[in-house]
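Chain residues, written in single-letter form:
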Amino acid sequence: GQQVMQIPQYQHVQEGEDFTTYCNSSTTLSNIQWYKQRPGGHPVFLIQLVKSGEVKKQKRLTFQFGEAKKNSSLHITATQTTDVGTYFCAVPNNYGQNFVFGPGTRLSVLP
Amino acid sequence: EAGVTQFPSHSVIEKGQTVTLRCDPISGHDNLYWYRRVMGKEIKFLLHFVKESKQDESGMPNNRFLAERTGGTYSTLKVQPAELEDSGVYFCASRAFGSETQYFGPGTRLLVL
């Protein structure tokens with residue numbers, strides 16, 4: 001079945017530092033989604049990327065879809081304590097009906 | 001507009017007992033999903049409803065799990081009998097037809113002792 005990996009598993013940064021998480025798929029993707037889950041909370045949809053090489057920005061967050069549509073990245077500029085949480089990528093399953101979530105990257109931001 | 005709601009928020013039961021989780025999706029959302037996250041691991045897909053029909057139940061662990069969505073509105077997920085490995089957070093999500101956005105509920109934290 002569809003496999004998706006995320007690195008790193010954990011990341012500790014000082015407030016103000018940048019952060020990047022990477023998502024890699026074993027197959028070419030039609031699209032990819034990113035979610036954020038705060039500690040004790042529930043996943044919240046951030047964005048969907050569809051086009052090869054696509055770059056989208058949301059304030060301090062930059063999302064990129066690889067040219068080969070097999071990988072994606074989420075970059076946060078100048079992290080804040082409110083960025084703490086686990087960031088998941090999600091990719092369509094083999095039938096394209098549902099999504100397979102990556103294992104997530106847990107971000108800690110030290111004030 | 002009300003979001004996805006789930007009940008109960010927490011449930012602690014003993015091995016062998018039965019538990020029923022409920023999800024109320026956002027009104028008008030035809031697509032309803034159940035997921036489970038165990039011990040801080042990845043979010044695993046359980047099943048997907050389109051209205052009252054099961055579109056995909058390939059993620060259901062075994063026949064101790066039964067999901068229903070009568071009338072295409074709210075959904076229930078019953079675990080009978082519960083086992084220790086069923087502990088985790090069960091999330092429900094809903095999505096409107098034609099939209100890519102899934103809206104997750106707050107989850108039900110299930111602990112089987």
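I will try to describe carefully the structure that is included in this document.

1. Overview of the environment of Val50(B)
Then, in step 1: Looking at where Val50(B) falls in the secondary structure, it is placed in strand β5 (residues 43-50).
Then, in step 2: Apart from residues no more than four positions distant in its own chain, Val50(B) is found in contact with Asp30(B), Asn31(B), Gln55(B) and Arg69(B).

2. What about the packing of aromatic side chains?
Then, in step 1: Enumeration according to the criterion identifies twelve aromatic pairs over all chains in this entry.
Then, in step 2: Between Tyr35(A) and Phe45(A), the ring centres sit 5.7 Å apart and the planes meet at 80°, which makes this aromatic pair edge-to-face. Of this pair, Tyr35(A) sits in strand β4 (residues 32-37) while Phe45(A) sits in strand β5 (residues 44-49); the two residues are ten residues apart in sequence, bridging distant segments of the chain. The same class applies to Tyr35(A) and to Phe45(A), which are both buried.
Then, in step 3: One aromatic cluster is present, formed by Tyr35(A), Phe45(A), Phe88(A), Phe101(A), Tyr33(B), Tyr35(B), Phe45(B), Phe91(B) and Phe104(B) through successive ring pairs.

3. Examining the side chain of Ser73(A)
Residue and element names in this part refer to chain A.
Then, in step 1: Relative to the elements of secondary structure, serine 73 occurs in strand β8 (residues 71-76).
Then, in step 2: By relative accessible area, serine 73 is classed as buried at 15%.
Then, in step 3: Setting aside residues up to four positions removed in sequence, serine 73 forms contacts with Thr20, Thr21, Tyr22, Trp34, Thr62, Phe63 and Gln64.

4. Comments concerning the interface of chain A and chain B
Then, in step 1: At the junction of the two partners, chain A supplies 18 residues and chain B supplies 17 residues.
Then, in step 2: For the pairing of chain A and chain B, the buried interface totals around 1,500 Å² over both sides, and the portion due to carbon and sulfur atoms is 51%.
Then, in step 3: Across the chain A-chain B interface, the total number found is zero salt bridges.
Then, in step 4: Where chain A meets chain B, there are six residue pairs in polar contact (both at pLDDT 80 or more).

5. Let's talk about the pairing of strand β11 (residues 105-110) of chain A
Note on strand geometry: in a regular strand, side chains alternate between the two faces of the sheet.
Residue and element names in this part refer to chain A.
Then, in step 1: Across the two faces of β11 the burial differs, with Thr105, Leu107 and Val109 buried and Arg106, Ser108 and Leu110 not buried at all.
Then, in step 2: Relative to β11, strand β2 (residues 10-14) runs parallel, the two being bridged by five bridges. Residue pairing for β11: valine 13 is matched across the bridge by valine 109.
Then, in step 3: As paired strands, strand β9 (residues 85-92) and β11 are joined by three bridges and run antiparallel to one another. What sits directly across from tyrosine 87, in β11, is threonine 105.

6. Describing the state of the cysteines
Residues and elements named next belong to chain A.
Then, in step 1: Taken as a whole and judged by the stated rule, the model has two disulfides over all chains.
Then, in step 2: Here cysteine 23 is linked by a disulfide to cysteine 89, with a sulfur-sulfur distance of 2.0 Å. A torsion of 70° about the S-S bond marks the disulfide between cysteine 23 and cysteine 89 as right-handed. Pair noted here: cysteine 23 is in strand β3 (residues 19-25) and cysteine 89 is in strand β9, with a separation of 66 residues, a long-range link.

What counts and what doesn't
Residues numbered from 1 in each chain as written. Chains lettered and ligands numbered in written order. Predicted model: local features only at pLDDT ≥ 70, side-chain atom pairs only at ≥ 80, totals over all residues. Heavy atoms only, no water. Helix = DSSP H or I, 4+ residues; strand = E, 2+ residues; numbered from the N terminus. Contact = heavy atoms within 4.5 Å. Phe/Tyr/Trp six-rings, centres within 6.5 Å; stacked < 30°, edge-to-face > 60°. Buried < 20%, exposed > 50% of the residue type's maximum accessible area, 1.4 Å probe, protein only. Buried area = accessible area lost by both parts, 1.4 Å probe. Salt bridge = Lys/Arg side-chain N within 4 Å of Asp/Glu carboxyl O. Polar contact = N/O pair within 3.5 Å; in protein donor to acceptor, adjacent residues only side chain to side chain. Pairing = 2+ DSSP bridges. Disulfide = S-S within 2.5 Å.

These results come straight from atomic positions and should not be treated as a statement about function.
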